[in-house]
Amino acid sequence: MTDGTFEAFRKAEALLAQRRPLDALRELKPVLDEAGEAPSVQLLAGRAYLGSAQLNRAEAAFRKVLDLDPSDHYARFALGKTLQRLARLPEALAQLRMAVAMNPSPEYQEALGEVRARMAVERDRD
């Protein structure tokens, strides 16, 4: 990454932290063009897509991260949350289970519990 794209990456991170995902994506555009294969760039893009409800793009970005680094527990967690929002609960459950197995953080465990509860409610409706 050049100095300019590194600065753009950092600015996009800051914008995302301020809950401004669309602005973050605008800032991230040249970074994606130059270093789009970097897992960190895809992860940040995925977070911005998720934050702006561009769920299919978020899914693609998180899957690309996992293609490059299958051990990235945060990408698995974020993919699980994305699939949950897409109402693809069995797929979300699988990703969240793996994330919890890799890193049993309370946030990951809570997300896993949410998906399990939603699946139980839907199963009871049938």
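Residues numbered from 1 in each chain as written. Predicted model: local features only at pLDDT ≥ 70, side-chain atom pairs only at ≥ 80, totals over all residues. Heavy atoms only, no water.

1. A word on the nonpolar core
Counting residues in each nonpolar core, the largest one holds 39 residues, and the members touching the most others are Leu28, Phe62 and Val115. Listing elements by their share of this core, those giving two or more residues are helix 1 (3–17), helix 2 (21–35), helix 3 (39–51), helix 4 (55–68), helix 5 (73–85), helix 6 (89–102) and helix 7 (106–125). Examining the composition of this core, we find that 7 residues originate from one element, helix 3, more than from any other. Per-domain counts for this core show at least three residues from each of domain 1 (1–70) and domain 2 (72–125). (Core = buried A, V, L, I, M, F, W, Y, C linked by side-chain atoms within 4.5 Å. Buried < 20%, exposed > 50% of the residue type's maximum accessible area, 1.4 Å probe, protein only. Helix = DSSP H or I, 4+ residues; strand = E, 2+ residues; numbered from the N terminus. Domains from an automatic or database assignment.)

2. Digging into the UniProt feature "repeat: TPR" (unreviewed entry) in the protein
With numbering aligned to this structure, UniProt lists the feature "repeat: TPR" (unreviewed entry) at residues 39–72. Taken end to end, residues 39–72 comprises 79% helix and 0% strand; its first and last C-alpha atoms sit 9 Å apart. (UniProt positions renumbered as here; feature names shortened; annotations may be inferred.)

3. Describing helix 7
Taking 1.5 Å of rise per residue, the 20 residues of helix 7 would be expected to cover 28 Å, and the 29 Å separating its terminal C-alpha atoms lies within 8% of that figure. Within helix 7, the full set of buried residues consists of Tyr108, Ala111, Leu112, Val115 and Met119. Projected onto a plane normal to the axis of helix 7, the buried residues spread over an arc of 100° and lie on a single side. In helix 7, the exposed residues that point more than 90 degrees away from the buried face are Pro106, Glu110, Asp124 and Arg125. (Expected span 1.5 Å × (residues − 1). Arc of directions from axis to C-beta.)

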